[in-house]
Amino acid sequence: MSFMQPSPVKYACSCGILNPINKLFFCRHCPKLRCGFCVCHEIESHFCSNCLENIPSSEARHKKNCCANCFDCPCCQHTLSARAANVPVVRKTEEIKDGESKESPSGAATPPAPGSSKPSAIPTTKKIYYLSCLSCRWTTRDVGIPDQGVASGTWPDNECLYQARFNTLVDYYQSIVLQEKQEKMEFLRRKAPKQHKFPSLTDRTGLTVSLIRRQIGWHDKSIPKTKAISITPAEVTADVGGLPEDIFTEPLNLRNITTIAQRHGQPGDQPTAVSNLYPQRRSLWIKRSLRCRQCEHNLIKPEYHPTSIKYRIQLFASYHVPEVLMVRCEQPLQPGKSNAILLKFSNPTMYDMTIRILSALPPEEELITSEAFQQACKINEEAVTSSPLVRAIGLTLSRQNSTREVKRDVEDVSNAEIVPLESEFVLSQRDDSKEFDEDVQLPTEEPKFIVWRKGNKVLIRLQFTPAADLPPNTDVVMGFFMQYTYVNTVSNASEKKEPTTNALHSRIFINAGATEKAD
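Residues numbered from 1 in each chain as written. Predicted model: local features only at pLDDT ≥ 70, side-chain atom pairs only at ≥ 80, totals over all residues. Heavy atoms only, no water.

In the nomenclature of an unreviewed UniProt entry, the chain is known as Dynactin subunit 4 of Drosophila persimilis. What UniProt states about the chain under its Sequence similarities (unreviewed entry) heading is, verbatim, "Belongs to the dynactin subunit 4 family." (UniProt positions renumbered as here; feature names shortened; annotations may be inferred.)

In structure tokens form, the structure reads like this:
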């Protein structure tokens, strides 16, 4: 199967979405399959993909998530490179003043000899730098940006016409948010009860605290009030600029007109002519970590350094869940006729797995799994109510889940009925050295549905029957439950440190192909 083609085998996530195994994660603490929608995404670091400079979050926010040293081409969005050029420069030197004469050893003044005066200027060369694109040959000289004396020069930015108005609006709304926050804090302070049961008059009025602060030399504690920023409201105008006079007379040259991508690169002015394009600062990239929403444990945590592609924590589903690959169907797919499909199972763990193929999940298994998972994911909450302000509001400073998981039923898209296997089978543990071992495995007695076995891989034959009412050229989707044993080396209980073996279930859907017309 080609790498670019979508996988016909889909796993059902805990939130009910179907994804291939390479897009899923596995939480060892729950344990459940997780996809990109049922995990919390957290930003670990910001960095530039060109210069690999690690930038703190506060600095990245201040620089509008752009690199200060790298630029992108406004025409083709490739990275611009600094190019050097030599320019002749005239350097002035000291000249001999008029009337100044040299003195001889005897003390007599002698006039200067002809041709002995130094030249007034010496021709030299100086290096200057400009930005150039190695892909489309665009340079900063095309738009009249002056060259710089150093390679990392202060290249000018194309300021937006409405930048001042935008900054004023940002300051105005920030002051409103700060004022509302101060009013809320003042309201909560007044509503908070006193710590003592019988407060005195000075404590009620706050005179005791004020006198003590004055004796120490501190100022009275008061919340500074923010000054409201006044802004002028926007005015509606019907004056719209007209079209140029030569738009209907002169021939149109598409090479001089910007594309949609080029205009979106400069959203401030959105130039229509190529001559008005300016280099854009390169956007920063991020490294993000993924956290389970139910137990709040990290599933993915990358290395902090930008040059490293390794992970500190990597709980991909392909490292913990058996991988199912579709090999082929033995016969052409026809509605209502029995067929067989060859599936290859792989064990990615270091422990043996026992696998069963079920057409439906038993009801007692559903109850056991739901209660066990909820008990395993339970978080101890210890309320901290020492503050009278917190007790008055009725809040508890406890560790709570960031987002509660909403259970959704998996939509059954199967239109074929499978025949469950006669018995369960065992997948051997993964051993990379066996792939290079030339010893021939001794034949063992295997069930009839196993075609071959090698190392941690097994090829089985699964019988199924497509629905009889399927029209031609309809995809046949077969669904089943895969029960497998998983050895969990992580335990939530502190006193229990030995690995535990759990029986987990995964729902799998396989697209076997399109049906053919009956003969």
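There is more to say, and it comes next.
Quick word on the overall build of the chain
If you tally the helices and strands in the chain, you get seven helices and 24 strands. The buried share of the chain, taken over its 519 residues, is 29%. For the chain, contacts bridging at least 24 residues in sequence account for 68% of all contacts bridging at least 6. Accessible surface computed for the chain: about 36000 Å², of which carbon and sulfur atoms make up 53%. (Helix = DSSP H or I, 4+ residues; strand = E, 2+ residues; numbered from the N terminus. Buried < 20%, exposed > 50% of the residue type's maximum accessible area, 1.4 Å probe, protein only. Contact = heavy atoms within 4.5 Å. Areas by Shrake-Rupley, 256 points an atom, 1.4 Å probe, with all protein chains shown as cover.)

Description of unusual backbone geometry
With an omega of -20°, the peptide bond between Cys30 and Pro31 qualifies as cis. By the secondary structure assignment, Pro31 is in the loop between strand E3 (25-27) and strand E4 (32-34). The phi dihedral of Lys64 falls on the positive side, at around 60°, and the residue is not glycine. Tracing the backbone shows Lys64 in the loop between helix H1 (57-62) and strand E7 (66-72). For Lys64, a relative accessible area of 59% puts it in the exposed group. For Asn65, which is not a glycine, the phi torsion comes out positive at approximately 55°. Considering the arrangement of structural elements, one finds Asn65 in the loop between H1 and E7. Residue classification places Asn65 among the partly exposed positions, given a relative accessible area of 40%.

So, the confidence of the model for the chain
Across the chain, pLDDT averages 78, with 73% of residues at or above 70. Scored below 50 in pLDDT, residues 367-403 shows 50 contacts in the model against residues more than four places distant or in partner chains. (pLDDT = per-residue confidence, 0-100.)

Examining the pairing of strand E18 (residues 353-358)
In this structure, E18 lies alongside strand E20 (residues 425-427), joined through three bridges in antiparallel fashion. If you follow Ile355 over to E20, its bridge partner there is Phe425. With four bridges joining them, E18 and strand E23 (residues 475-488) adopt antiparallel strand pairing. Looking at E23, one finds that Leu358 is bridged to Phe481. (Pairing = 2+ DSSP bridges.)

Some thoughts on the packing of aromatic side chains
Counted under the stated rule, the structure contains eight aromatic pairs. Aromatic pair Phe26 and Tyr486: ring centres 5.0 Å apart, planes at 70°, arrangement edge-to-face. Residue Phe26 is located in strand E3, and its partner Tyr486 is located in strand E23; the two are separated by 460 residues in the primary sequence. Assigned by exposure class, Phe26 and Tyr486 land together as buried. Ring plane angle 75° and centroid distance 5.6 Å describe the contact between Phe345 and Phe425, whose orientation is recorded as edge-to-face. Taken together, the positions of Phe345 in strand E17 (residues 339-346) and Phe425 in strand E20 put the pair 80 residues apart, joining distant regions of the chain. The exposure class of Phe345 is buried, given its relative accessible area of 0%. One aromatic cluster is present, formed by Phe25, Tyr311, Phe316 and Tyr319 through successive ring pairs. We note Arg141 situated over the ring of Tyr130; from NZ or CZ to the ring centre the distance is 4.0 Å. (Phe/Tyr/Trp six-rings, centres within 6.5 Å; stacked < 30°, edge-to-face > 60°. Lys NZ or Arg CZ within 6 Å of the ring centre and 35° of its normal.)

Some details on the state of the cysteines
Per the counting criterion, the structure on display carries zero disulfides. Cys40 takes part in no disulfide bond, and the closest cysteine sulfur, belonging to Cys292, lies 8.2 Å away. No disulfide involves Cys73; its sulfur sits 3.5 Å from that of Cys136, the nearest cysteine. The class of Cys73 is buried, set by a relative accessible area of 2%. (Disulfide = S-S within 2.5 Å.)

Remarks on the sheet that holds strand E6 (residues 54-55)
Spatial strand order, E6-E5-E13-E14-E15: five strands in an open sheet with antiparallel pairing. Every other strand in the sheet has two partners, leaving E6 and strand E15 (311-314) as the edge strands with one partner each. Relative to strand E14 (residues 298-302), strand E13 (residues 285-292) runs antiparallel, the two being bridged by two bridges. Directly across from Arg291, in E14, lies its bridge partner Asn298.

Examining the nonpolar core
Formed by 44 residues in total, the largest nonpolar core has its most connected members in Tyr11, Ile341, Leu343, Phe345, Phe425, Met482 and Ile510. For this core, the element with the highest residue contribution is E23, accounting for six residues. Formed by 11 residues, the second largest nonpolar core is a distinct cluster that contains Cys27, Val39, Ile300 and Leu315. (Core = buried A, V, L, I, M, F, W, Y, C linked by side-chain atoms within 4.5 Å.)

A closer look at the environment of Asn19
If you trace the backbone, Asn19 turns up in strand E2 (residues 18-19). Its relative accessible area of 16% is what places Asn19 among the buried residues. Every residue in contact with Asn19, bar those within four places of it in the chain, is listed here: Lys10, Tyr11, Leu24 and Cys35.

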